[in-house]
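What follows is each chain in one-letter form.
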Amino acid sequence: MTIKEKQQEIIDEFAFLEDWEQKYEYIIDLGKELKGLPDDKKTDENLIKGCQSKVWIDAEFKDGKLFFNADSDGILPKGIVSLLVSIYSGHSTQEILDSDFEFISEIGLQEFLSPSRANGLMAMTKQIKFYAVAYQLKS
């Protein structure tokens, strides 16, 4: 499934949720499904700067694709980063670089977050793009 298809799937899922309470519950449930990171991956290098909570994103380049794993000490940020991991993990660096984050606006997520959480979300998306650039330069 392409990144665009995964984004559309998320947009469609959010369209079925009636209010933001249900959407928050959905995001929190995504976070509960996230595998998380072992303590040795919860490093300053993997820590996302600009998040209200601690959020870590780790990337591994394997067979021409980037695979992300993440964790957070907050339940909502963990759900948000889980959403991003589910969309962008398993794709080539070029696919990630060519993608956009418009789905965030389409589901209205950024508008419903507090300013500090919205900043954290943007920091997470920038980190995903950063990993794509860094691994593309290595290969």
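- Named according to an unreviewed UniProt entry, the chain is SufE family protein originating from Chryseobacterium muglaense.
- Here the chain is described in UniProt, under the heading Sequence similarities (unreviewed entry), as follows: "Belongs to the SufE family."

A look at the pairing of strand 1 (residues 55-62)
Phase 1: With eight bridges joining them, strand 1 and strand 2 (residues 65-72) adopt antiparallel strand pairing. Within the sheet, the bridge partner assigned to lysine 62 lies in strand 2 and is lysine 65.
Phase 2: Taken together, strand 1 and the strand that follows it, strand 2, pair antiparallel across an intervening segment of two residues, in which aspartate 63 is found at a positive phi of about 55°.

Looking at the packing of aromatic side chains
Phase 1: As enumerated under the stated definition, the model contains ten aromatic pairs in all.
Phase 2: Between tryptophan 20 and phenylalanine 112, the aromatic rings sit 4.5 Å apart at their centres with planes inclined by 10°, giving stacked as the arrangement. With tryptophan 20 in helix 2 (residues 20-33) and phenylalanine 112 in helix 6 (residues 109-112), this residue pair connects regions lying 92 residues apart in the sequence.
Phase 3: Overall, the relative accessible area of 17% leaves tryptophan 20 in the buried class.
Phase 4: When the ring of tyrosine 24 is compared with that of phenylalanine 112, the centres are 5.3 Å apart and the planes differ by 55°; the resulting orientation is tilted. Linking tyrosine 24 in helix 2 with phenylalanine 112 in helix 6, this pair joins segments that are 88 residues apart in sequence.
Phase 5: An aromatic cluster is built from Phe14, Trp20, Tyr24, Tyr26 and Phe112, whose rings are joined through pairwise contacts.

Some points on helix 1 (residues 3-16)
Phase 1: Relative to the 20 Å expected for 14 residues at 1.5 Å per residue, helix 1 spans 20 Å between its end C-alpha atoms, a close match to the ideal helical length.
Phase 2: For helix 1, every residue scored as buried is listed here: Ile3, Lys6, Gln7, Ile10, Ile11 and Phe14. Summarising the axial view, the buried residues of helix 1 lie within an arc of 145°, below the 170-degree limit, and thus occupy one face. Residues of helix 1 that are exposed and angled more than 90 degrees away from the buried face: Lys4, Ala15 and Phe16.
Phase 3: Looking at the buried side of helix 1, the elements it contacts are helix 2, helix 3 (75-88), helix 4 (93-98) and helix 5 (102-107).

Topic: a negative patch on the surface
Phase 1: Together, Glu18, Asp19, Glu21, Glu25, Asp29 and Glu33 give the surface a local cluster of negative charge.
Phase 2: Among the secondary structure elements, glutamate 18 is positioned in the loop between helix 1 and helix 2.

Some remarks on the nonpolar core
Phase 1: Of all hydrophobic cores here, the largest spans 40 residues; its most connected members are Ile57, Phe68, Tyr88, Phe103, Leu109 and Met124.
Phase 2: Looking at this core, the elements with two or more residues in it are helix 1, helix 2, strand 1, strand 2, helix 3, helix 5 and helix 7 (115-138).
Phase 3: Not counting residues within four places of it along the chain, the set of residues in contact with phenylalanine 68 comprises Ile57, Asp58, Ala59, Val85, Tyr88, Ser89, Ile96, Ile128 and Tyr131.

Considerations on the pattern of salt bridges
Phase 1: For the structure on display, the rule yields five salt bridges.
Phase 2: One salt bridge in this structure joins aspartate 58 and lysine 41, with 3.7 Å as the shortest N-O distance. Residue aspartate 58 is located in strand 1, and its partner lysine 41 is located in the loop between helix 2 and strand 1; the two are separated by 17 residues in the primary sequence.
Phase 3: Note on lysine 41: relative accessible area 32%, which makes it partly exposed.

Conventions we followed
- As a convention, each chain's residues are numbered from 1 in the sequence order in which they are written.
- Given that this is a predicted model, residues contribute local features only at a pLDDT of at least 70 and side-chain atom pairs are listed and counted only at 80 or more, while totals for whole chains, interfaces and linings are drawn from all residues.
- Neither water nor hydrogens contribute to the side-chain values; these are computed over all heavy atoms in the structure.
- UniProt positions are given in the numbering used here, feature names are shortened, and annotations may be inferred rather than shown by experiment.
- DSSP bridges decide pairing: two strands pair if at least two such bridges lie between them.
- Think of it this way: any DSSP run of H or I at least four residues long counts as a helix, any run of E at least two long counts as a strand, and we number them from the N terminus.
- Paired rings are identified among Phe, Tyr and Trp, the last through its six-membered ring, by centres lying within 6.5 Å, and are further divided according to the angle between planes into stacked (under 30 degrees), edge-to-face (over 60) and tilted (the rest).
- Accessibility here uses a 1.4 Å probe with only protein chains present; expressed as a share of the type maximum, an area under 20% marks a residue as buried, one over 50% as exposed, and anything in between as partly exposed.
- To estimate how far a helix should extend, the number of its residues minus one is multiplied by 1.5 Å.
- Summarising the geometry, the arc corresponds to the directions from the helix axis toward the C-beta atoms.
- It only takes one pair of heavy atoms within 4.5 Å for two residues to be counted as in contact.
- Patch membership requires more than 30% relative accessible area and the absence of a salt bridge. Residues of like charge join within 9 Å; the nonpolar side chains Val, Leu, Ile, Met, Phe, Trp and Tyr join within 5 Å.
- Throughout, the Shrake-Rupley method with a 1.4 Å probe supplies accessible areas, and for residues the shown protein chains are the sole cover considered.
- When a carboxyl oxygen of Asp or Glu lies within 4 Å of a side-chain nitrogen of Lys or Arg, that pair is called a salt bridge.
- By the counting rule applied here, Lys and Arg register as positive and Asp and Glu as negative, while His and the ends of each chain are not counted.
- For this purpose, a charge sits on NZ of Lys, CZ of Arg, CG of Asp or CD of Glu.
- We call a set of buried residues a nonpolar core when its members are Ala, Val, Leu, Ile, Met, Phe, Trp, Tyr or Cys and they connect through side-chain atoms within 4.5 Å of each other.

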